[in-house]
Each structure stands twice: as structure tokens, then as C-alpha cells.
Amino acid sequence: MEQLTKFEVKIYYSGFCTYEVEAKNEDEAILEARKLSINKKEISSNLQNWNDADTANRI
């Protein structure tokens, strides 16, 4: 019988939320949007696996 090993696995995802903000320039708009809360409904629909970043480490 094959022995099982425990692993800590991290699965990474990419996703995004769309915001509309008023700002003087692009840098300021990014900073303002980062302050806003995450729209969980939107991020769930935009979530995709980032397979190249997934890791498993023997523990």
C-alpha cells in the first residue's frame, strides 16, 4: 500500500473588479479604486485558475 504524505497546497487565481472613479490622472484613479471594497459577485465571475503559480509543499 502506498504511503500518503501531507502537503500544504496554495491555489492561485487571477481576477478583477471594475470600478468607476473620478480622479485627476490614471495613477490617482488607481489609488482611489484600491480603497474601494471588493465586489464579491463580480470577482467570482471573473475568477480564473492561475495554474502556473499553484504549489504543493511536503509538510
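Residues numbered from 1 in each chain as written. Predicted model: local features only at pLDDT ≥ 70, side-chain atom pairs only at ≥ 80, totals over all residues. Heavy atoms only, no water.

Chemist: Honestly, the overall build of the protein chain in this entry has me stumped. Any pointers?
Modeler: Within the protein chain, the regular secondary structure consists of two helices and four strands. What you see in the protein chain, going N to C, is helices and strands ordered as β-β-α-α-β-β. The C-alpha radius of gyration of the protein chain comes to 18 Å, more than 25% above the 10 Å expected for a compact globule of 59 residues. Taken along its principal axes, the extent of the C-alpha atoms in the protein chain is 65 × 20 × 20 Å. (Helix = DSSP H or I, 4+ residues; strand = E, 2+ residues; numbered from the N terminus. Rg over C-alpha atoms; globule rule 2.2 N^0.38 Å.)

Chemist: Whenever I open this one, the environment of Asp54 confuses me. Can you help?
Modeler: As for its placement among the helices and strands, Asp54 is situated in the loop between strand E3 (48-49) and strand E4 (55-58). Between the C-alpha atom of Asp54 and that of Ser14, which follows or precedes it by 40 residues, the distance is 12 Å. When residues no more than four places from it in sequence are discounted, the contact partners of Asp54 are Lys10, Ile11 and Tyr12. There is a polar contact of 2.9 Å between the side chain of Asp54 and the backbone nitrogen of Tyr12. (Contact = heavy atoms within 4.5 Å. Polar contact = N/O pair within 3.5 Å; in protein donor to acceptor, adjacent residues only side chain to side chain.)

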